[in-house]
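Overview (structure and organization)
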Amino acid sequence: MDTIRLAIVGCGGMGHRHMYGLAELHRVGWENFTLVGACDPVLDNAESLATKAEERFGKKPAVVSNLDELAAIGVDAVDVTTTPPYHHTIAVETLQRGWHTMVEKPMGLTVRACNLIRSAADNSNAVISVAENYRRDPINRLAKALLDAEVIGKPRFLIHHTIGGSNRMLISVWRHQKDQSGVLLDVGVHYADMIEYLLGDVETVYAQTRLHEPIRHNPAAVTGESGSNPAGVYTEWQRKMPAEFEATAEDAAYATLTFKNGAVGQYIEDHGAWGQGSWMRQIHGSQGSMALPGDRSGGLISLQINGQGTVTEEALLELVPDFHLDAVTTDLFGGNRLWQYSFPFPDTDAKIIAIEYGDFAEAIAGNRPIEVDAYQGTRSVAISYAMLESGVSGEIVHLDKMIDESINTYQQDIDAGLGI
Ligand SMILES: NC(=O)c1ccc[n+]([C@@H]2O[C@H](COP(=O)([O-])OP(=O)(O)OC[C@H]3O[C@@H](n4cnc5c(N)ncnc54)[C@H](O)[C@@H]3O)[C@@H](O)[C@H]2O)c1
């Protein structure tokens, strides 16, 4: 079969990380894509990605600044890794052009932006995929298999906490701006996706939200180094960002969730917290509990099961004899029944992004439906904004009303700024 002619649109930090993921996919023998274009109006960024791609693939993709130039090269598929305000403008156009489209999370900047992409996808024969990486972590696959096997019984209660951050910049200035994708959306959609992956549909959300730290500090502008630089790709950009700036997006949400299956969730994201940091994802069921390790850490799941005590490490596999990772994940991680793994973070990051590309290729080939589709991508954005909408109204928010846009007070200004 001919390879799929792919362009990466948006050549910043995640664009580079996606290219490393594509190289990792090729390294293990899945040569489904040919990277033919690096597209970014900031040509230096496109050039940087293309040069580094040449080192890995032996051929330099074309450096271009817009979609018309990509059309002239000839592409079958695009991977949209721009900042969030452009996800819908690009994805709607690429779907209309008939190009298969993978779009980074958050799928759109608001629920309305997601719905625009969904309707473009409905009117296109092209595949739409949301690049949601956390669920593809092999340890999260095992957690899901254990929950489906009801090893802790019926889930009753989820605790998910992410607490830390103080007044430091999280990766970039735009992650603190309400009109660009604040931190509760940027980080929150990952957790929203994981929460629904593990426990099924969220029905309602109630939350208190806060903006604790209206001035954020960027240590990289002062010392050259930042504590928030995943895979080390952001250094040069962070050094050029201001040393301090105003944050306009809320940085904390304290939420209660209810699920269609009757479970309840306590969900805290506090990215302005001082002192003791904390990260926890724990599920309590009618027969025991499950504590999960951090996403992309390769750490251990620990179960406490009534009558069996603690079950962890390799013994977890005995509880799920049919658990197998898919072919591409197996090739990337070197095993099809993993209970832990250990790689430097940039390698783990690249492998998990490679799984996203593998899934995208399989769906384009018609071998299976895409895993994180436009509806699921919209749901994650809706859950994150449901916290912010509830924070504004003080009311319990039903997810259905988020998705049909009948609740959108918080998002109104953002939509107006986008002109949608
Ligand atoms: N899944 C993950 O773990 C993860 C991690 C980091 C970022 N992301 C997501 O990836 C996306 C990009 O984040 P980032 O950290 O790379 O941001 P970034 O600011 O480092 O890079 C964004 C790039 O997009 C370019 N861009 C802006 N408008 C464009 C347009 N119209 N066409 C083409 N390029 C355009 C910018 O010039 C820049 O090079 C965001 O949606 C973010 O949420 C996901």
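Calculation notes
- Residues numbered from 1 in each chain as written.
- Predicted model: local features only at pLDDT ≥ 70, side-chain atom pairs only at ≥ 80, totals over all residues.
- Heavy atoms only, no water.
- Near = heavy atom within 4 Å.
- Polar contact = N/O pair within 3.5 Å; in protein donor to acceptor, adjacent residues only side chain to side chain.
- Areas by Shrake-Rupley, 256 points an atom, 1.4 Å probe, with all protein chains shown as cover.
- Helix = DSSP H or I, 4+ residues; strand = E, 2+ residues; numbered from the N terminus.
- Nonpolar A, V, L, I, M, F, W, Y, C, P; charged D, E, K, R; others polar.
- Buried < 20%, exposed > 50% of the residue type's maximum accessible area, 1.4 Å probe, protein only.
- Pairing = 2+ DSSP bridges.
- Right-handed = clockwise from strand over helix to strand, strands pointing away.
- Domains from an automatic or database assignment.
- Buried area = accessible area lost by both parts, 1.4 Å probe.
- Salt bridge = Lys/Arg side-chain N within 4 Å of Asp/Glu carboxyl O.
- Axes fitted to C-alpha atoms, helices over the stretch in contact; angles between N-to-C directions.
- Parallel < 35°, antiparallel > 145°, perpendicular 65-115°, else oblique.
- Left-handed = near helix turned anticlockwise from the far one by under 90°.
- Contact = heavy atoms within 4.5 Å.

**Remarks on the site of the ligand**
As a structural note, the neighbourhood of the ligand is formed by 29 residues, with Met14, Asp40, Asn45, Arg175 and Tyr234 the closest of them. Within the side chain of aspartate 186, one N or O atom sits 3.1 Å away from an oxygen atom of the ligand. Tyrosine 234 is positioned with one of its side-chain polar atoms (N or O) 2.6 Å from an oxygen atom of the ligand. Here the ligand has 850 Å² of accessible area as a free molecule, and 88% of this is covered by the chains. Contributions of two or more residues to the shell around the ligand are made by α1 (13–27) and α4 (87–96). With 3 residues, the single largest contributor to the shell around the ligand is α1. Grouping the amino acids of the shell around the ligand by side-chain chemistry returns 12 nonpolar, 10 polar and 7 charged.

**Focus: the pairing of strand β5 (residues 100–104)**
Counting buried positions along β5 yields 5 of 5 residues, so the element is predominantly enclosed. Side chains His100, Met102 and Glu104 of β5 all project onto a buried face; the interleaved residues Thr101 and Val103 project onto the opposite face, where all are buried too. The pairing of strand β4 (residues 77–80) with β5 spans 4 bridges and is parallel. Bridge assignment links alanine 77 to a residue of β5, and that residue is histidine 100. Taken together, β4, α4 and β5 constitute a β-α-β crossover, and its handedness is right-handed. Two elements, β5 and strand β6 (residues 128–131), share 4 bridges in a ladder whose sense is parallel. Along β6, the bridge assignment pairs methionine 102 with serine 129. Note that the unit made of β5, helix α5 (residues 111–122) and β6 has a crossover that is right-handed.

**Focus on the domain arrangement of the protein**
Domain boundaries in the protein define domain 1 (4–134) and domain 2 (135–341). Look at where the C-alpha atoms of domain 1 and domain 2 centre, and you get two points 25 Å apart. At the boundary of domain 1 with domain 2, total buried surface from both sides reaches about 2100 Å², with 61% on carbon and sulfur atoms. Its largest share of buried area at the contact with domain 2, domain 1 owes to Arg17, Glu132 and Tyr134, together 38% of the area lost on that side. For the pair domain 1 and domain 2, the number of links is 1 salt bridge. One salt bridge connects lysine 105 with aspartate 186, and the closest N-O pair in it is separated by 3.0 Å. The element contributing the most residues to the side of domain 1 that touches domain 2 is α1, with 7 residues.

**Comments concerning the packing of α1 against helix α2 (residues 43–57)**
Between two packed helices, both the angle of their axes relative to each other and the distance between the axes serve to describe the pair. Closest axis-to-axis distance for the α1/α2 pair is 10 Å, and the angle between their directions is 15°. If you check the angle between α1 and α2, you find them roughly parallel. Seen along the crossing, α1 lies across α2 with a hand that is right-handed. Here Gly15, His16, Met19, Tyr20, Leu22, Ala23 and His26 of α1 come into contact with α2, specifically with Asn45, Ser48, Leu49, Lys52, Ala53, Arg56 and Phe57. Here the residues of the contact of α1 with α2 are counted per class, giving 7 nonpolar, 5 polar and 2 charged.

**Regarding the sheet that holds β5**
Pairing is parallel across the open sheet formed by 6 strands, whose spatial order is β3-β2-β1-β4-β5-β6. Because the sheet does not close on itself, it has two edges, and the strands there are β3 (62–64) and β6. The mean inter-strand angle of the sheet, taken between neighbouring strand axes irrespective of direction, is 25°. The pairing of strand β1 (residues 4–9) with β4 spans 4 bridges and is classified as parallel. From the neighbouring strand, isoleucine 8 faces β4, where its bridge partner is aspartate 79. Strands β1, β2 (33–39) and β3 of the sheet are contacted by α2, whose axis makes an angle of about 155° with β2. Docked against the sheet, helix α13 (residues 345–364) engages β1, β2, β4, β5 and β6, running at close to 155° with respect to β5.

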